[in-house]
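Residues per chain are reported as follows:
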Amino acid sequence: MNERVPALTQSPSGATMERGGFCRAFQEATMGREYHFHCEHAGCSVTVGLRMGVRRELELLVDGKQVAAARAHGHHAQTAVLATILPTDPPRGIEVEVTLPGALGGDPTSTLLADGERRPMAAREVPRLARPAEADWYS
């Protein structure tokens with residue numbers, strides 16, 4: 001008579017799911033995604049790292065070294081600009097413009113602003129941290 005029925009909740013998208021499913025969906029939404037953009041300019045490697053989640057964190061790397069960082073507040077569409085000086089002879093100033101999507105989704109883009117021109121930066125594959133397979137746990 002007293003049959004246990006799993007508690008149902010409503011997800012942010014409006015779908016009904018079991019309580020545990022909502023927690024997993026929330027974790028995936030708040031953990032966020034990572035993006036990397038890269039290009040070569042004036043003999044230097046320029047890379048932008050972006051972590052989207054509860055906080056939006058940006059970093060600018062030149063030749064693998066972090067030279068600028070920023071946090072973007074809010075989850076609305078916005079543009080962030082990171083600036084640095086390249087270690088060339090003579091030194092050259094550059095800016096990187098990162099366009100962040102709004103809460104409804106989309107992918108960010110990155111543009112290098114240098115020498116009076118705008119050049120889109122190519123997206124790079126971000127290595128994901130994979131969980132070990134069950135067989136690996138016991139070996």
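Residues numbered from 1 in each chain as written. Predicted model: local features only at pLDDT ≥ 70, side-chain atom pairs only at ≥ 80, totals over all residues. Heavy atoms only, no water.

Trainee: In this structure, what is going on with the confidence of the model for the protein chain? I would like to understand it.
Mentor: Any residue range with low pLDDT should be treated as having predicted coordinates unsuitable for detailed reading. Per-chain confidence: the protein chain averages 78 in pLDDT, with 68% of residues scoring 70 or above. Ignoring residues within four places in sequence, the model shows residues 1-30, a span with pLDDT below 50, making 21 contacts including any to other chains. (pLDDT = per-residue confidence, 0-100. Contact = heavy atoms within 4.5 Å.)

Trainee: Teacher, can you tell me more about the sheet that holds strand S11 (residues 122-124) here?
Mentor: What links the strands of a sheet is backbone hydrogen bonding, and the strands pair in either a parallel or an antiparallel sense. Ordered by their spatial adjacency, five strands build an open sheet running S6-S5-S4-S3-S11, and the pairing between neighbours is antiparallel. Of all the strands in the sheet, just strand S6 (65-72) and S11 have a single pairing partner and so form its edges. Between one strand and the next, the sheet's axes are offset by a mean angle of 25 degrees, whatever the strand orientation. (Pairing = 2+ DSSP bridges. Helix = DSSP H or I, 4+ residues; strand = E, 2+ residues; numbered from the N terminus. Axes fitted to C-alpha atoms, helices over the stretch in contact; angles between N-to-C directions.)

Trainee: How do you make sense of the pattern of salt bridges when you look at a structure like this?
Mentor: It is possible for side chains of opposite charge to pair when their charged atoms get near one another. Here the structure, examined in full by the defined rule, presents six salt bridges. Glu57 serves as the salt-bridge partner of Arg51, at 2.9 Å between the closest nitrogen and oxygen. Given the relative accessible area of 41%, Arg51 is considered partly exposed. Assessed through its relative accessible area of 22%, Glu57 is described here as partly exposed. (Salt bridge = Lys/Arg side-chain N within 4 Å of Asp/Glu carboxyl O. Buried < 20%, exposed > 50% of the residue type's maximum accessible area, 1.4 Å probe, protein only.)

Trainee: Before we go on, may I ask you to explain the environment of Arg51 in this structure?
Mentor: Along the chain, Arg51 falls in strand S4 (residues 44-52). With 18 residues separating them along the chain, Arg51 and Arg33 place their C-alpha atoms 5.9 Å apart. Each residue touching Arg51, except ones within four places of it in the same chain, is listed here: Arg33, Glu34, Arg56 and Glu57.

Trainee: Please explain the side chain of Arg56 as it appears in this structure.
Mentor: With respect to the helices and strands, Arg56 occurs in strand S5 (residues 56-62). Buried charge Arg56 goes without a salt bridge, the closest partner of opposite sign being Asp107 at 11 Å. Those residues in contact with Arg56, other than ones at most four positions away along the chain, are Arg51, Ala70, Arg71, Ala72, Gly74, His75, His76, Gln78, Leu100, Pro101 and Gly102. (Lys, Arg positive; Asp, Glu negative; His and termini not counted.)

Trainee: In this structure, what is going on with the environment of Gly102? I would like to understand it.
Mentor: Tracing the backbone shows Gly102 in the loop between strand S8 (92-100) and strand S9 (109-114). With 25 residues separating them in the primary sequence, Gly102 and Ala77 have C-alpha atoms 3.9 Å apart. Once residues lying within four places of it in the same chain are set aside, the contact partners of Gly102 are Arg56, His75, His76 and Ala77.

Trainee: I keep staring at the nonpolar core and nothing clicks. Help me out?
Mentor: Across soluble globular proteins, you tend to see nonpolar side chains buried next to one another. Core analysis: the largest hydrophobic core is formed by 23 residues, its most contacted members being Val46, Val96, Leu112 and Met121. Among the elements of the structure, strand S3 (33-41), S4, S5, S6, strand S7 (78-86), S8 and S9 are those that each provide at least two residues to this core. Ranked by residues supplied to this core, first place goes to S4 with five residues. Excluding anything up to four places from it in sequence, Val46 contacts Phe37, His38, Cys39, His41, Leu60, Leu61, Leu86, Ile94, Val96, Leu112 and Met121. (Core = buried A, V, L, I, M, F, W, Y, C linked by side-chain atoms within 4.5 Å.)

Trainee: Just checking my understanding: could you explain unusual backbone geometry for this structure?
Mentor: It is generally the case that most residues other than glycine have a negative phi and that most peptide bonds are trans. Cis geometry is found at the peptide bond from Asp89 to Pro90, where omega equals 0 degrees. In this structure, Pro90 sits in the loop between S7 and S8. At Ala42, a residue that is not glycine, the phi angle is positive and equals roughly 55 degrees. Turning to its location among the elements, Ala42 is positioned in the loop between S3 and S4. Judged by its relative accessible area of 32%, Ala42 falls in the partly exposed class.

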